[in-house]
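Chain and residue survey
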Amino acid sequence: MDISTTFSALSVAIDSVRRLRDVNNALSSAELNNLVADLLDSLANVKMDLAEVKSELALKDSRILKLEGELELLNETKYAHEKIFLTGDDDPFCPVCFERDSKLIHLRASIYRKSQGYGCPSCGYFTYNELLLV
Ligand SMILES: [Zn+2]
């Protein structure tokens, strides 16, 4: 939907109203009917276009809310030792799930190929215990 189309339809409607305002007795009934029909057409187009604008704005509002939430979450997290940490939570989260899907999935202490570390129950990510990485 192009907003300039909406403004064009609105201009046609305004012009029609101006012509109706300036109408004199010389205007025939047929001309008057045509003006009113044009006006109704233009107003109907404007109404439909505005409904689309309203819908698009609602989508953008919801996208903005989602991005604000993600930004807020990003400000409360930090990446360290191949894990994500959230302010106020000592248990680490999966960096893959966080960066790919913006999901906070707690990592679980686990053993992989006889090595101790942390695994993600959602995506299978595994990282070694940071004490063993040094
Ligand atoms: Zn994961």
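Treat the numbers as computed from the prediction; the structure is a model and nothing was measured.

What counts, and where the lines are drawn
- Residues numbered from 1 in each chain as written.
- Predicted model: local features only at pLDDT ≥ 70, side-chain atom pairs only at ≥ 80, totals over all residues.
- Heavy atoms only, no water.
- Donors = N, O, S within 2.8 Å, 3.2 Å for Na, K, Ca; no water.
- Tetrahedral: all angles 85-135°; square planar, octahedral: opposite > 155°, others 65-115°.
- Buried < 20%, exposed > 50% of the residue type's maximum accessible area, 1.4 Å probe, protein only.
- Core = buried A, V, L, I, M, F, W, Y, C linked by side-chain atoms within 4.5 Å.
- Contact = heavy atoms within 4.5 Å.
- Helix = DSSP H or I, 4+ residues; strand = E, 2+ residues; numbered from the N terminus.
- Salt bridge = Lys/Arg side-chain N within 4 Å of Asp/Glu carboxyl O.
- Expected span 1.5 Å × (residues − 1).
- Arc of directions from axis to C-beta.
- Pairing = 2+ DSSP bridges.
- Axes fitted to C-alpha atoms, helices over the stretch in contact; angles between N-to-C directions.

Looking at the metal site, the zinc ion is ligated by Cys94 (SG), Cys97 (SG), Cys120 (SG) and Cys123 (SG), spaced 2.2 to 2.4 Å from it. Metal-centred angles of 104 to 115° between the four donor atoms at the zinc ion mark the site as tetrahedral. Taken in sequence order, the residues that donate to the zinc ion follow the motif C-x2-C-x22-C-x2-C. For Cys120, a relative accessible area of 7% corresponds to the buried category.

Where a protein is soluble and globular, its nonpolar side chains tend to be buried together. If you look at the biggest cluster of nonpolar residues, it comprises five residues: Cys94, Cys97, Leu107, Cys120 and Tyr125. In this structure Cys94 touches Ile84, Ile105, Leu107, Cys120, Cys123 and Tyr125, once residues within four positions along its chain are discounted.

Before going further, it helps to examine the environment of Leu73. Of note, Leu73 is situated in helix H2 (residues 29–75). As a C-alpha pair, Leu73 and Lys103 span 30 residues in sequence and 10.0 Å in three-dimensional space. Once residues within four sequence positions are removed from consideration, Leu73 is found in contact with Leu86, Phe98, Ser102 and Leu104.

So, on to the pattern of salt bridges. Within this structure, the stated rule accounts for two salt bridges. Between Glu70 and Lys66 there is a salt bridge, with the nearest N and O atoms lying 2.7 Å from each other. In this pair, Glu70 and Lys66 both sit in helix H2, four residues apart, roughly one turn of the helix. Between Asp101 and Arg100 there is a salt bridge, and its shortest N-O distance comes to 3.3 Å.

Three- or four-residue spacings in an α-helix give side chains the same orientation, since the helix completes a turn every 3.6 residues. Compared with the 27 Å implied by 1.5 Å per residue over 19 residues, the 27 Å span of helix H1 (residues 3–21) between its first and last C-alpha is a close match. Inspection of H1 places Thr6, Ala9, Ala13 and Ser16 among the buried residues, and these make up the whole buried set. Seen end-on, H1 carries its buried residues on one side only, within an arc spanning 85°. Facing away from the buried surface of H1 by more than 90 degrees, the exposed residues are Phe7, Arg19 and Arg21.

Strand order in the open sheet formed by three strands is E1-E2-E3, with antiparallel pairing between adjacent strands. In this open sheet, the two edge strands, each paired with only one partner strand, are strand E1 (77–80) and strand E3 (89–93). Within the sheet, the average angular offset between the axes of one strand and its neighbour, ignoring direction, is 30°.

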